[in-house]
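Spelled out from the first residue to the last, the chains are:
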Amino acid sequence: MTLDEILASLFPAGHDVVRERGLIAGQGRLPDGGAIAVIGVEGQTPVGVEEAAQLAGNVIEVIKSGGNEPILVLIDSGSQRMSKRDELLGINEFLAHLAKCLILADKLGHRTVGLLYGHTAAGAFIATALATRTLLALPGAEPAVMDLPSMSRVTKLSIDVLEEKAKSTPVFAPGLDNLFQTGAVAVTLDPASSLADQLQAQLSRPAERDDNRDQLGAERNGRPKAADIARRVYELARASV
Amino acid sequence: METLNYRNKAQQRAKGTRRQAIVGVVASGNLEVLVERILPDGECEVDIRTAAEGFGEVWQAVIADFVERRSPGGLKLSINDGGARPDTVALRLAQAVSAMEGERT
Amino acid sequence: MSTVTLDNAKVERQPLVSTDSWYEASARQRVEGLLDANSFVEFIGPEMREISPHLALFDLPEQFDDGMVVGLGRIDGAPVLVAAQEGRFMGGAFGEVHGAKLKGLLRAARDMASMPVLILFDTGGVRLQEANAGELAIAEIMRALMEARFAGVPVVGLVGGRSGCYGGGGLIAGSCSALAVSEQGRISVSGPEVIETNRGVEEFDSKDRALVWRTMGGKHRRLIGGAEVFADDTIESFRNAARYLIELAPAPTLDTLEAEQARLAQRIHDFGDCADALDIWRSLGASEPETIPALSYEAFVALADRLQEPRHDAR
């Protein structure tokens, strides 16, 4: 789906979402009449220091406005912007800041929902989609921690070999199915029915208090050990004092 | 990856009271040795997982020499190997036994 | 607020294991040297053999602790939770088990809310052979880390290892209450090779080590406010930095993140047009920026304290 189609299906009651230089910002109206803040990245725009700062600023404005308006993060991004300038300016802090703002917003009652409808990768993925409480996706989304050609260069394995290995595990190769199996994505939406209703249904469900992505990863056979290891370390630490 | 296992008779029980120790890291040309005091006093077992295949005879010789020199009775040594040279292996095995000579855990 | 300062924290130096250099030490040697003697208790130690379930597919050797050491120890008698990455195993990269250990530790820290956490970074980022699990682990760690901080738990990052603190490691570092970094402790998201591969050697020559150090290294991070303390490359110096920073970690609030927003916006405003770290250092007021890479630890700390006073309320 295109962003226009997505916005139309999400907000039949109207929205004032503005799209500028690859970034998305505004507010939409939910079926129940409530408002939802919207931020995001479109057109596979890389997230550099300016983009991260602007998105984080938007989140801070929502928090400062009070109330408990939820926040929707729409994502069709590039990777973090890979440049000397961004690293010179400390892009790690900017990306972390964006993620922290989303996590704080969620803690303060602004339910955060990500909607992955296109591409995303690496640090941009962590700072946007993966920093939301509930990540939704549309079929055709293309999350990639790292693309196979880059992976091929680093691992010195051919793309054919990597693709062959990817048939037996979702743990390393790009793609929505793989990220779903490892627990990154809560629900894949149906593009043929109202996105507004599907979003409203997600918002109506109480948010998981605890981060349950490792549990999902175990249930979906994507991450066999993460949940178990984390739980055991947790229990050992609690029992140690 | 290749898995190897060697069991040797040791003349004496390894010194010290430590139950376990670990030395080294798994990296190219390096290896880690986890050593545990879990066998009868006269035995020594070495488990190896190695990235460099086809060096069984070299391992056997290095380990036989190690058991002869250090008499690591009662110890099980578990190795993850990133393709270390025999002298590095010998060094890590010696370090592992030395680490067990301390006290406590 | 505590009275601990970097100077008076220099007490009872304990014997170190086999190397005094943080950079050269292994994860276990760092943990042992950082904590009071014999105080460390590991959770899921190597004897549990909880290895990566994914490396075999790539015919790669596992490590019994998957390159992550976590547990409880003491500093000056006070309990601390510690996580240390082994930068020589798979470049210290985040895999499924590796990341899950830190995540579990942070969740426990959050719910106990009684002791600080020290993260000894040494990482190239996500482990590609288990990239999806590693990426998710980083996201989960950041959430658990922030939840721990909201509960009042100081989470202090120490960066000075061989593999630096790259990729998602840089994002976790940016989420910590405070950071100490040594000259060798590069902090960055895209590594030198990644930038060069994607943008060309004209953008970034990854073989130019001086360029790498001054763009991503500890001195630059300290000078732009990306790290609060510049540490010498010794275990003792990191120990002093840790006990100092643990005391300077208020729980983050909206005010904190607004302050961070302002701090980062100011950085773009002040240095956004600079082409090189040397230009940034010059505009900070360094009269001879080209001499900074060669400055001794003491001389650099004095200069940095004059040019950029560290903040403790804006991250």
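Criteria and thresholds
- Residues numbered from 1 in each chain as written.
- Chains lettered and ligands numbered in written order.
- Predicted model: local features only at pLDDT ≥ 70, side-chain atom pairs only at ≥ 80, totals over all residues.
- Heavy atoms only, no water.
- UniProt positions renumbered as here; feature names shortened; annotations may be inferred.
- Helix = DSSP H or I, 4+ residues; strand = E, 2+ residues; numbered from the N terminus.
- Buried < 20%, exposed > 50% of the residue type's maximum accessible area, 1.4 Å probe, protein only.
- Contact = heavy atoms within 4.5 Å.
- Areas by Shrake-Rupley, 256 points an atom, 1.4 Å probe, with all protein chains shown as cover.
- Lys, Arg positive; Asp, Glu negative; His and termini not counted.
- Charge placed at Lys NZ, Arg CZ, Asp CG, Glu CD.
- Rg over C-alpha atoms; globule rule 2.2 N^0.38 Å.
- Pairing = 2+ DSSP bridges.
- Right-handed = clockwise from strand over helix to strand, strands pointing away.
- Axes fitted to C-alpha atoms, helices over the stretch in contact; angles between N-to-C directions.
- Salt bridge = Lys/Arg side-chain N within 4 Å of Asp/Glu carboxyl O.
- Buried area = accessible area lost by both parts, 1.4 Å probe.
- Polar contact = N/O pair within 3.5 Å; in protein donor to acceptor, adjacent residues only side chain to side chain.
- Parallel < 35°, antiparallel > 145°, perpendicular 65-115°, else oblique.
- Left-handed = near helix turned anticlockwise from the far one by under 90°.
- Nonpolar A, V, L, I, M, F, W, Y, C, P; charged D, E, K, R; others polar.
- pLDDT = per-residue confidence, 0-100.

As recorded by an unreviewed UniProt entry, chain B carries the name Malonate decarboxylase acyl carrier protein and is attributed to Dyella kyungheensis. The record held by UniProt for chain B lists under Subcellular location (unreviewed entry) the comment "Cytoplasm". In UniProt, chain B has this text filed under Function (unreviewed entry): "Subunit of malonate decarboxylase, it is an acyl carrier protein to which acetyl and malonyl thioester residues are bound via a 2'-(5''-phosphoribosyl)-3'-dephospho-CoA prosthetic group and turn over during the catalytic mechanism."

Naming follows an unreviewed UniProt entry, where chain A appears as Biotin-independent malonate decarboxylase subunit gamma of Dyella kyungheensis.

Another point: the overall build of chain A. Of regular secondary structure, chain A possesses eleven helices and nine strands. In chain A, which comprises 241 residues, the proportion classed as buried is 61%. Across chain A, the fraction of contacts at a sequence separation of at least 24, relative to all contacts at a separation of at least 6, is 67%. Summed over all atoms, the accessible surface of chain A reaches about 8900 Å², with 51% contributed by carbon and sulfur. For chain A, the centre of its 24 positive side-chain charges and the centre of its 30 negative side-chain charges are spaced 8 Å apart.

For chain B, the helix and strand inventory stands at two helices and five strands. Helices (α) and strands (β) of chain B occur, in sequence order from the N terminus, as β-β-β-β-α-β-α. Relative to the compact-globule value of 13 Å for 105 residues, chain B shows a C-alpha radius of gyration of 13 Å, a close match. Over its C-alpha atoms, taken along the principal directions, chain B stretches across nearly 35 × 25 × 20 Å. Counting contacts in chain B only where the partners sit at least 6 residues apart, residues at least 24 apart contribute 83% of the total.

Side-chain direction in a regular strand flips from residue to residue, so the side chains alternate between the two faces of the sheet. Residues and elements named next belong to chain A. When you tally the buried positions in strand 4 (residues 71–80), you get ten out of ten residues, the bulk of the element. In the sheet, strand 3 (residues 35–47) pairs with strand 4 via seven bridges, with the strands oriented parallel. Following the sheet pairing, Thr45 is matched in strand 4 by Ser77. Taken together, strand 3, helix 2 (residues 49–64) and strand 4 constitute a β-α-β crossover, and its handedness is right-handed.

This paragraph deals with the sheet that holds strand 1 (residues 18–20) of chain A. All names here are of chain A. Read from one edge of the open sheet, seven strands run 1-2-3-4-5-7-9, paired in mixed fashion. The two strands at the open ends of the sheet, each matched to only one other strand, are strand 1 and strand 9 (187–188). Here strand 5 (residues 112–116) runs beside strand 7 (residues 134–137); their pairing, made up of four bridges, is parallel. Residue Gly114 lies in a different strand from strand 7, and its bridge partner there is Leu135. Helix 2 rests against strand 2 (23–29), strand 3 and strand 4 of the sheet, and its axis sits at about 175° to strand 3.

Among the two pairs of chains in contact, the pair with the most contacts is chains A and C. No interface is formed between chain A and chain B, the nearest pair of C-alpha atoms being 14 Å apart.

Attention now goes to the pattern of salt bridges. In total, this model carries 55 salt bridges over all chains according to the counting rule given. Salt-bridge contacts for Glu164 of chain A lead to Lys167 of chain A; the nearest nitrogen and oxygen are separated by 3.1 Å. Classification of Glu164 of chain A as partly exposed rests on a relative accessible area of 48%. Exposure remark for Lys167 of chain A: the relative accessible area of 67% places this residue in the exposed category. Measuring nitrogen to oxygen at the nearest pair gives 3.1 Å for the salt bridge that ties Asp313 of chain C to Arg311 of chain C.

Bringing the interface of chain C and chain A into the picture now. With 85 residues of chain C at the contact, the number on the chain A side is 79 residues. For the pair chain C and chain A, the summed buried surface comes to about 7100 Å²; carbon and sulfur atoms form 65% of the total. Where chain C packs against chain A, one counts 13 salt bridges. Notably, a salt bridge pairs Arg107 of chain C with Asp214 of chain A, separated by 3.0 Å at the nearest N-O pair. The tally of links between chain C and chain A comes to 38 residue pairs in polar contact (both at pLDDT 80 or more).

Relative to each other, helix 4 (residues 91–107) of chain A and helix 3 (residues 131–150) of chain C sit at 60°, their axes nearing to 10 Å. Considering the angle they form, helix 4 of chain A stands oblique to helix 3 of chain C. Helix 4 of chain A and helix 3 of chain C meet at a crossing whose hand is right-handed. Two secondary-structure elements touch here, helix 4 of chain A through Ala96, Ala99, Lys100, Ile103, Leu104 and Lys107 of chain A and helix 3 of chain C through Met142, Arg143, Met146, Arg149 and Phe150 of chain C. Classifying every residue of the contact of helix 4 of chain A with helix 3 of chain C by side-chain character gives seven nonpolar, no polar and four charged.

Turning next to the sheet that holds strand 5 (residues 75–81) of chain B. Residues and elements named next belong to chain B. As summarised here, the arrangement of the five strands in space is 1-4-5-3-2, forming an open sheet in which the pairing is mixed. In this open sheet, the two strands that pair with only one neighbour each are strand 1 (2–9) and strand 2 (20–23). Pairwise comparison of adjacent strand axes, ignoring direction, gives a mean angle of 10° for this sheet. On top of the sheet, helix 2 (residues 86–100) reaches strand 2, strand 3 (31–37) and strand 5; it is set at about 35° to strand 3, its chief contact.

Our focus in this paragraph is the packing of helix 6 (residues 148–155) of chain A against helix 7 (residues 159–166) of chain A. Residues and elements named next belong to chain A. Contact pair helix 6 / helix 7: the axes reach a minimum separation of 9 Å and the direction vectors enclose 105°. When the axis of helix 6 is compared with that of helix 7, the two are roughly perpendicular. Contact residues: helix 6 offers Leu148, Pro149, Met151, Ser152 and Thr155, while helix 7 offers Ile159, Leu162 and Glu163. Considered class by class, the residues forming the contact of helix 6 with helix 7 number five nonpolar, two polar and one charged.

Residue and element names in this part refer to chain C. Backbone geometry at Ile44 places phi at a positive 55°, although glycine is not the residue there. On the secondary structure map, Ile44 appears in the loop between strand 1 (41–42) and strand 2 (68–75). The phi dihedral of Met90 falls on the positive side, at around 50°, and the residue is not glycine. Tracing the chain through its elements places Met90 in the loop between strand 3 (78–85) and helix 2 (96–112). Given the relative accessible area of 24%, Met90 is considered partly exposed.

This paragraph deals with the confidence of the model for chain B. Detail in the predicted coordinates should be disregarded across regions flagged by low pLDDT. Scored by pLDDT, chain B has a mean of 94; 97% of the residues are at 70 or more. Interface confidence in the predicted complex, given as ipTM, is 0.98; pTM for the same model is 0.96.

Taken together, the contact between chain C and chain B spans 14 residues of the former and 18 residues of the latter. Note on chain C versus chain B: buried area summed over both sides is about 1400 Å², and carbon and sulfur give 53% of it. A salt bridge links Glu62 of chain C to Arg49 of chain B; its shortest N-O distance comes to 2.7 Å. Tallied by class, the residues present in the side of chain C that touches chain B amount to five nonpolar, two polar and seven charged.

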